[in-house]
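Analysis of the macromolecular model
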Amino acid sequence: MFEFQASSARETSAALFTAWLGLGANLILLGCYAVEAPLLLTGAALMTVGACLFVLIFSTRLDEHFNALRHVGLRWGMAVIALYLSASAILAVYHGGYSVGTFAAGVGAPSITDDALRVPVDGYLVMVLAALAFHLGFAFARVRGTGAA
């Protein structure tokens, strides 16, 4: 049987520290993506972001306010993934229609490799941006003082 146990101030403080640490590491990770950073720094940032997300998402002994903050962060992160998938679908439909149109116009079948508009396939960047959106959503709700965003 489930027994509710409220989190202590120390546990809540540690979880909030984890969120801020993850945000900082995520910003470093984005910088590592933008410039050619040493592999050790990129690996450390990846490990920190991954560990912080894991702890924040799967912590179950925290209070309702923290759960609301986490919920906002998860919504923001999933929104980035949803936007990426939607944009990719639109580009794929456009490319398919363009291919059919050029073939129907008698220009010939276009080559898949020489099209100018492709579906973006940089999953690493999407992962970094989704994690950053999670941390920014969490931080925004925390600074704003509510998790009911």
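The structure under discussion appears in the preceding block.
Just so you know, these numbers come straight off a predicted model, no measurement behind them.

Conventions and cut-offs
- Residues numbered from 1 in each chain as written.
- Predicted model: local features only at pLDDT ≥ 70, side-chain atom pairs only at ≥ 80, totals over all residues.
- Heavy atoms only, no water.
- Helix = DSSP H or I, 4+ residues; strand = E, 2+ residues; numbered from the N terminus.
- Buried < 20%, exposed > 50% of the residue type's maximum accessible area, 1.4 Å probe, protein only.
- Contact = heavy atoms within 4.5 Å.
- Core = buried A, V, L, I, M, F, W, Y, C linked by side-chain atoms within 4.5 Å.
- Phe/Tyr/Trp six-rings, centres within 6.5 Å; stacked < 30°, edge-to-face > 60°.
- Axes fitted to C-alpha atoms, helices over the stretch in contact; angles between N-to-C directions.
- Left-handed = near helix turned anticlockwise from the far one by under 90°.
- Nonpolar A, V, L, I, M, F, W, Y, C, P; charged D, E, K, R; others polar.
- 1 Å grid on protein atoms, 1.4 Å probe; cavity = no way out; pocket = protein on both sides within 12 Å on 5 of 7 lines; lining within 4 Å.
- Points joined across faces, edges and corners; volume = space filled by probe spheres on them.
- Expected span 1.5 Å × (residues − 1).
- Arc of directions from axis to C-beta.
- Parallel < 35°, antiparallel > 145°, perpendicular 65-115°, else oblique.

From N to C terminus, the chain includes 4 helices and 0 strands. Each helix (α) and strand (β) of the chain, taken in turn from the N terminus, gives the series α-α-α-α. Per-residue burial over the chain gives 29% buried out of 149 residues. Contacts in the chain between residues at least 24 apart in sequence constitute 80% of all its contacts with a sequence separation of at least 6.

Formed by 18 residues in total, the largest nonpolar core has its most connected members in Val49, Phe66 and Phe138. When contributions to this core are tallied by element, the ones reaching two or more residues are helix 1 (9-34), helix 2 (39-58), helix 3 (64-104) and helix 4 (123-144).

This brings us to the packing of aromatic side chains. Where two aromatic rings form a pair, the distance of their centres and the angle of their planes describe that pair. Under the counting rule described, the total for this entry stands at 5 aromatic pairs. Note on Phe54 and Phe58: the rings are 5.0 Å apart at their centroids and 50 degrees apart in plane angle, and the pair reads as tilted. On the criterion of helical spacing, the pair formed by Phe54 and Phe58 is a turn pair, its members being 4 residues apart in helix 2. Taking relative accessible area as the criterion, Phe54 reaches 56% and is therefore assigned exposed. Residue Phe58 is classed as exposed on the basis of its relative accessible area of 56%.

For the pair helix 1 and helix 4, the least separation of the axes is 9 Å and the interaxial angle reads 145 degrees. Of the two elements, helix 1 crosses helix 4, and the hand of that crossing is left-handed. Contact with helix 1, carried on its side by Leu16, Ala19, Trp20, Gly22, Leu23, Asn26, Leu27, Leu29, Leu30 and Tyr33, involves Tyr124, Leu125, Val128, Leu129, Ala131, Leu132, His135, Leu136, Phe138, Ala139, Arg142 and Val143 of helix 4 and no other residues of that element. Along the lines of polarity and charge, the residues of the contact of helix 1 with helix 4 split into 18 nonpolar, 3 polar and 1 charged.

The subject of this paragraph is the layout of surface pockets. Considering only enclosed or pocket space, the largest pocket measures out at about 220 Å³ in volume. Around the largest pocket, the lining comprises 16 residues; the ones closest to its centre are Leu53, Met127, Ala130, Ala131 and Phe134.

Let us now look at helix 2. Helix length check: helix 2, at 20 residues, gives a terminal C-alpha distance of 28 Å against a target of 28 Å (1.5 Å per residue), a fit within 8%. What helix 2 keeps buried is the set Thr42, Ala45, Val49, Cys52, Leu53 and Leu56. One face of helix 2 carries all of its buried residues, which in axial projection span an arc of 105 degrees. Away from its buried face by more than 90 degrees, helix 2 exposes Leu39, Leu40, Met47, Phe54 and Phe58.

On to the packing of helix 2 against helix 4. The contact between helix 2 and helix 4 brings their axes to 11 Å, and the two run at 50 degrees. Between helix 2 and helix 4, the angle falls in the class oblique. When the axes of helix 2 and helix 4 are compared, the crossing they make is left-handed. Facing helix 2, whose interface residues are Thr42, Leu46, Val49, Leu53 and Leu56, helix 4 presents Tyr124, Met127, Ala131, Phe134 and His135. In terms of residue class, the contact of helix 2 with helix 4 is made up of 8 nonpolar, 2 polar and no charged.

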